[in-house]
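Spelled out, the chains give:
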Amino acid sequence: NNLGIVFKRLNQLDEALLSYKAAYSIKPKTKFLFGNLLQIKMHLCYWNDFSKDLPQLTAKIDNHEDSLPLFFLQALIDDPKIQKKAAKSMNSSVYPKKFDLPPVKKYFKHKKIRIGYFSADFREHPVSDLVVELLEEHNRSRFKVYAFYFGPATKDKMNLRIKNGVDHYYDIGSMSDKEATIFARTHELDIAIDLGGYTKDARTEIFAMSLAAIQVSYLGFTATMGSNYMDYIIADQVVIPRENQHYYSESITYLPNSYMVNDSKIKASYKTYTKNDLNLPDNGFIFCCFNNHYKITPDVFASWMRILSQVDGSVLWLSKAHKSTSNNLKKEAKIHGIDPNRLVFASRVPLKEDHLSRLQLADLFVDTHPFNAHVTASDALRVGLPVLTCVGASFASRVAGSLLTSLNLPELITTSQEQYELLAVKLAKSPDQLKTTRAKLIDNLSRSSLFDTPKTARHLEDAYSAMHDKSLQGLKPENIYIEQYK
């Protein structure tokens, strides 16, 4: 019935929206009808009502109405105060703390700290692309590592690698929330790490029942969860400046470098791509952005079109979209006076190594705002492709800035759309400056901790140890600052 309501409403929109059901999967709830429709429009880059949708979205949040899945809110509103308000409203109405089970225990006799990672994404997925080597690198003399999975039974290469990279792996997807919580508790976890937050297929309910004495939000959801049962969020000084701490219901654990962990073992393949193979111009400047299309807002796209208009022969290289999405973007390009053929769409390749190889043909990665590139920015940087970003106020809008700061490339961080456009055009028209920037990036890769997973693992382990010590002493969670590992 809910699907019927959604698609009846879709008929009132552009026909292109109807094709969404052939390309995406969505599980609407009647109370999220407005949000479901807005989410669909974001995926399809259908912006006809955008100027009306944003005020309506803000009004719903102000009225404490559940308006939009919170993961997508990050692509629309760059205000951590509003994000916290929406999260607290969502948490209290949909995911309140549960008291179905006795209080969770603290364990004083464990020789090793038991940490459990919980995710629906222990498979071929961006979250696993980041976290897999961390699981392998944890110091087994200090920690026992558990993985609890509740996603689809893919048994793909990544899933098998994660199984082999932890001490204990359990698929709890078929269990009810209460059964999963009880099962996890039998393993006497000291710390439970939620890698999903409010993302697709997350199991927030099991954290609401309490899996461990310490519960941590990390990596998959870059905003506060607005709950009273998540104790910490892992961050760094860039993504959550000290003046923004009060916008988070969690205590903040600051890593000394970027909060983002990476898989340093992944490398570009030896497969050779030519520009002709990928429908790219031999001589024109290639701007690229491989972010998900829901991160592209009308303002971002208009900015890109202004940049293209000032750089003759340039193209914008994007990931291949659903046909309706591509058509909508081409229509928008034409409205801005840009030949739609200057948008080039890249088909998905089966191997990430091949994608990293072809990425090297681009000249500059232009980021989205307010929802930055995360894994896609990391991918670009690791192959020596400069990333230009514009930082905002929210966690999600500062991720690329965190990565660039870790690589000592502050010159690629802007603070306004005007600066962003000016620098993009300047780099495109100044080959020597761009060459110098790329050389600095490549040189800094070997010295930065961004792709030094063992070092990041030590920092996280120091963080987990500090949390654990405070818990055993009966102290409440408080902000933690981890020192640089030497």
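Keep in mind it's a predicted model, so treat the numbers as computed, not measured. (Residues numbered from 1 in each chain as written. Predicted model: local features only at pLDDT ≥ 70, side-chain atom pairs only at ≥ 80, totals over all residues. Heavy atoms only, no water.)

Some thoughts on the overall build of the chain
Along its length, the chain carries 19 helices and 14 strands. Overall, the chain is about 65 × 55 × 45 Å in size when its C-alpha atoms are taken along their principal axes. Here the chain holds 486 residues, and 60% of them are scored as buried. Sequence-distant contacts in the chain: of pairs separated by 6 or more residues, those separated by 24 or more amount to 73%. Accessible surface computed for the chain: about 20500 Å², of which carbon and sulfur atoms make up 50%. Considering the chain, the positive charge centre built from 62 side chains and the negative charge centre built from 53 side chains are found 3 Å apart. (Helix = DSSP H or I, 4+ residues; strand = E, 2+ residues; numbered from the N terminus. Buried < 20%, exposed > 50% of the residue type's maximum accessible area, 1.4 Å probe, protein only. Contact = heavy atoms within 4.5 Å. Areas by Shrake-Rupley, 256 points an atom, 1.4 Å probe, with all protein chains shown as cover. Lys, Arg positive; Asp, Glu negative; His and termini not counted. Charge placed at Lys NZ, Arg CZ, Asp CG, Glu CD.)

Regarding the packing of aromatic side chains
On inspection of all chains with the given rule, the structure shows 21 aromatic pairs. Look at Phe 71 and Phe 371: their rings are 5.4 Å apart centre to centre, the planes differ by 65 degrees, and that puts the pair in the edge-to-face class. Here Phe 71, found in helix 6 (residues 70–73), pairs with Phe 371, found in the loop between strand 11 (364–366) and helix 15 (375–382); they are 300 residues apart in sequence, far enough to count as distant. Residue Phe 71 is classed as buried on the basis of its relative accessible area, which comes to 19%. Taking relative accessible area as the criterion, Phe 371 reaches 1% and is therefore assigned buried. Aromatic side chains Phe 285 and Phe 287 sit 4.7 Å apart centroid to centroid with 55 degrees between the ring planes, which places their arrangement in the tilted category. Each member of the pair, Phe 285 as well as Phe 287, is classed as buried. Positioned above the aromatic ring of Phe 150 is the side chain of Arg 203, whose terminal nitrogen or guanidinium carbon lies 5.7 Å from the ring centre. (Phe/Tyr/Trp six-rings, centres within 6.5 Å; stacked < 30°, edge-to-face > 60°. Lys NZ or Arg CZ within 6 Å of the ring centre and 35° of its normal.)

Overview of the sheet that holds strand 7 (residues 251–254)
Strand order across the open sheet formed by eight strands is 3-2-1-4-5-6-7-14, with parallel pairing between neighbours. Both outer strands of the open sheet, strand 3 (168–171) and strand 14 (480–481), are each paired with one neighbouring strand and no more. Note: strand 1 (residues 113–119) against strand 4 (residues 191–194), four bridges, orientation parallel. What sits directly across from Tyr 117, in strand 4, is Ile 193. (Pairing = 2+ DSSP bridges.)

Some words on the packing of helix 8 (residues 126–137) against helix 19 (residues 453–472)
Orientation of helix 8 relative to helix 19, taken along the N-to-C sense of each, is 70 degrees, at an axis distance of 9 Å. The angle between the axes of helix 8 and helix 19 places the two elements in the roughly perpendicular class. For the pair helix 8 and helix 19, the contacting residues are Glu 133, Leu 134 and Glu 137 in the first and Thr 453, Pro 454, Ala 457, Arg 458, Leu 460 and Glu 461 in the second. Across the contact of helix 8 with helix 19, the residue classes tally to four nonpolar, one polar and four charged. (Axes fitted to C-alpha atoms, helices over the stretch in contact; angles between N-to-C directions. Parallel < 35°, antiparallel > 145°, perpendicular 65-115°, else oblique. Nonpolar A, V, L, I, M, F, W, Y, C, P; charged D, E, K, R; others polar.)

Observations concerning helix 7 (residues 80–94)
With 15 residues, helix 7 should cover 21 Å at 1.5 Å per step; its first-to-last C-alpha distance of 20 Å lies within 8% of that length. Among the residues making up helix 7, those that are buried are Pro 80, Ile 82, Gln 83, Ala 86, Ala 87, Ser 89, Met 90 and Asn 91. (Expected span 1.5 Å × (residues − 1).)

Some details on the sheet that holds strand 11
Taken in spatial order, the six strands make up an open sheet running 10-9-8-11-12-13, and their pairing is parallel. This sheet does not close on itself; its edge strands, each paired only once, are strand 10 (343–346) and strand 13 (413–414). By the bridge criterion, two bridges tie strand 8 (residues 286–289) to strand 11 in an arrangement that is parallel. Each bridged residue has a counterpart across the sheet, and for Phe 287 the counterpart in strand 11 is Leu 364. Helix-sheet contacts for helix 12 (residues 298–310) involve strand 8, strand 9 (315–319), strand 10 and strand 11, and the interaxial angle to strand 9 is about 145 degrees. Strand contacts of helix 16 (residues 399–406): strand 12 (387–390) and strand 13, with the helix running at about 130 degrees to strand 12, the strand carrying the most contacts.

A closer look at the confidence of the model for the chain
Per-residue pLDDT for the chain has a mean of 92; in total, 93% of the residues score no lower than 70. Of the regions scoring below 50 in pLDDT, residues 11–31 engages in 43 contacts with residues more than four places distant in sequence or in other chains. (pLDDT = per-residue confidence, 0-100.)

Some points on the pairing of strand 1
Counting buried residues along strand 1, seven of its seven residues qualify, which places the element largely inside the surrounding structure. Burial of strand 1 is two-sided: the residues Ile 113, Ile 115, Tyr 117 and Ser 119 facing one way and the residues Arg 114, Gly 116 and Phe 118 facing the other way are all buried. Crossover connection from strand 1 via helix 8 to parallel strand 2 (residues 143–149): handedness right-handed. (Right-handed = clockwise from strand over helix to strand, strands pointing away.)

A short note on the pattern of salt bridges
Here the idea is simple: oppositely charged side chains can pair when their charged atoms come close. Overall, the coordinates contain 20 salt bridges when judged by the stated rule. Asp 167 is paired through a salt bridge with Arg 140; the nearest N and O atoms lie 3.2 Å apart. A residue pair is termed long-range when its members are at least 10 positions apart, and Asp 167 in the loop between helix 9 (157–165) and strand 3 and Arg 140 in the loop between helix 8 and strand 2 qualify at 27 residues. Given a relative accessible area of 34%, Asp 167 falls into the partly exposed group. We note a salt bridge from Lys 470 to Glu 478, for which the minimum N-O separation is 2.6 Å. Under the relative-accessibility criterion, Lys 470 is labelled buried at 15%. (Salt bridge = Lys/Arg side-chain N within 4 Å of Asp/Glu carboxyl O.)

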